[in-house]
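# Structure at a glance
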Amino acid sequence: GDSVTQMEGPVTLSEEAFLTINCTYTATGYPSLFWYVQYPGEGLQLLLKATKADDKGSNKGFEATYRKETTSFHLEKGSVQVSDSAVYFCASPHTGGGADGLTFGKGTHLIIQP
Amino acid sequence: NAGVTQTPKFRVLKTGQSMTLLCAQDMNHEYMYWYRQDPGMGLRLIHYSVGEGTTAKGEVPDGYNVSRLKKQNFLLGLESAAPSQTSVYFCASTHRPTGGYTFGSGTRLTVV
């Protein structure tokens, strides 16, 4: 099956800093790729996705570009806020179309200080 | 706008006890999933279902059983709870696997 590797945290930044959270994947073919966010005490929420190579997903100021050359889907934001403090998960389908579930990275805990 | 509802939200069990976690979705989704989340392990798939009446094993199915008798409900059972099953359990559903999942808010289970 496919696998996902993301940088481990915690990552601590000051407000308005630039954010990058690295994610690489191994897969057969070109699966859809996802970033999820988990706020304290809550379930995961879909943050953004990309369904094919060179696609850019974006939402709430976050962006990630599906790069097949480097098998990467790094999450970026130009200016983070305290409210962005959360755990971020990169994910890809376990196999093929993904009916048999998503494989998640271990999560990156992001802490934004005022 | 209920989405995915998990009950209960918290539970403490003694070793050897049994319980059922309920997941209910009101979005008419075909696909449903049960994950467990443990510190440093990320999320791991326990069981999943691709439609009413179907179930399949995920990455860590041992010690759990599931049923999907109705399309909107996906039940996760622990027949004889063990301390290793202390975890936060999340249910998720989707209409299309490539479209992303909707998650419930989780059940925090402690087995003592």
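This text gives an overview of the structure that appears in the document. This is a predicted model, so every value here is computed, not measured.

### As for the interface of chain A and chain B
Each partner contributes to the interface: chain A provides 21 residues, whereas chain B provides 21 residues. Across the interface of chain A and chain B, roughly 1500 Å² is buried in total on both sides, 57% from carbon and sulfur atoms. Three residues stand out in chain A for area buried against chain B, namely Leu44, Ala99 and Phe104 of chain A, and they jointly supply 29% of the buried area on that side. Counting across the chain A and chain B interface gives 0 salt bridges. Between chain A and chain B we count 6 residue pairs in polar contact (both at pLDDT 80 or more) in total. Those elements that place two or more of their residues in the side of chain A that touches chain B are strand E5 (33-38), strand E6 (44-50) and strand E11 (102-104) of chain A. Classifying every residue of the side of chain A that touches chain B by side-chain character gives 8 nonpolar, 9 polar and 4 charged.

### Description of the packing of aromatic side chains
Tallied over the full model, the rule gives 15 aromatic pairs over all chains. Judged by centre distance (6.1 Å) and plane angle (20 degrees), the rings of Tyr33 of chain B and Tyr48 of chain B are stacked. One end of the pair, Tyr33 of chain B, is in strand E4 (residues 31-38); the other, Tyr48 of chain B, is in strand E5 (residues 42-49), and 15 residues separate them in sequence. Of the two residues, Tyr33 of chain B and Tyr48 of chain B, neither departs from the other in class, the shared state being buried. An aromatic cluster of three or more residues is present, and its members are Phe34, Tyr36, Phe89 and Phe104 of chain A together with Tyr33, Tyr35, Tyr48, Phe90, Tyr101 and Phe103 of chain B.

### Some details on the sheet that holds strand E1 (residues 4-7) of chain B
Residue and element names in this part refer to chain B. Pairing is antiparallel in the open sheet, where 4 strands are placed in the order E1-E3-E8-E7. Whereas interior strands pair on both sides, the edge strands pair on one side only; in this sheet they are E1 and strand E7 (64-67). The average angle at which neighbouring strand axes cross in this sheet is 20 degrees, direction not considered. Both strand E3 (residues 19-25) and strand E8 (residues 73-78) contribute to a ladder of 6 bridges, which runs antiparallel. Along E8, the bridge assignment pairs Met19 with Leu78.

### With respect to the nonpolar core
Residues Trp35, Leu47, Leu48, Phe73, Leu75 and Tyr88 of chain A are the most contacted members of the largest nonpolar core, which totals 26 residues. Mapped by element, the contributors of at least two residues to this core are strand E2 (11-14), strand E3 (19-21), strand E4 (23-26), E5, E6, strand E8 (62-65), strand E10 (86-93) and strand E12 (108-113) of chain A. Core analysis: the next-biggest nonpolar cluster, separate from the first, contains 18 residues, Leu21, Cys23, Met32 and Leu109 of chain B among them.

So, how was this worked out
- Residues numbered from 1 in each chain as written.
- Chains lettered and ligands numbered in written order.
- Predicted model: local features only at pLDDT ≥ 70, side-chain atom pairs only at ≥ 80, totals over all residues.
- Heavy atoms only, no water.
- Contact = heavy atoms within 4.5 Å.
- Buried area = accessible area lost by both parts, 1.4 Å probe.
- Salt bridge = Lys/Arg side-chain N within 4 Å of Asp/Glu carboxyl O.
- Polar contact = N/O pair within 3.5 Å; in protein donor to acceptor, adjacent residues only side chain to side chain.
- Helix = DSSP H or I, 4+ residues; strand = E, 2+ residues; numbered from the N terminus.
- Nonpolar A, V, L, I, M, F, W, Y, C, P; charged D, E, K, R; others polar.
- Phe/Tyr/Trp six-rings, centres within 6.5 Å; stacked < 30°, edge-to-face > 60°.
- Buried < 20%, exposed > 50% of the residue type's maximum accessible area, 1.4 Å probe, protein only.
- Pairing = 2+ DSSP bridges.
- Axes fitted to C-alpha atoms, helices over the stretch in contact; angles between N-to-C directions.
- Core = buried A, V, L, I, M, F, W, Y, C linked by side-chain atoms within 4.5 Å.

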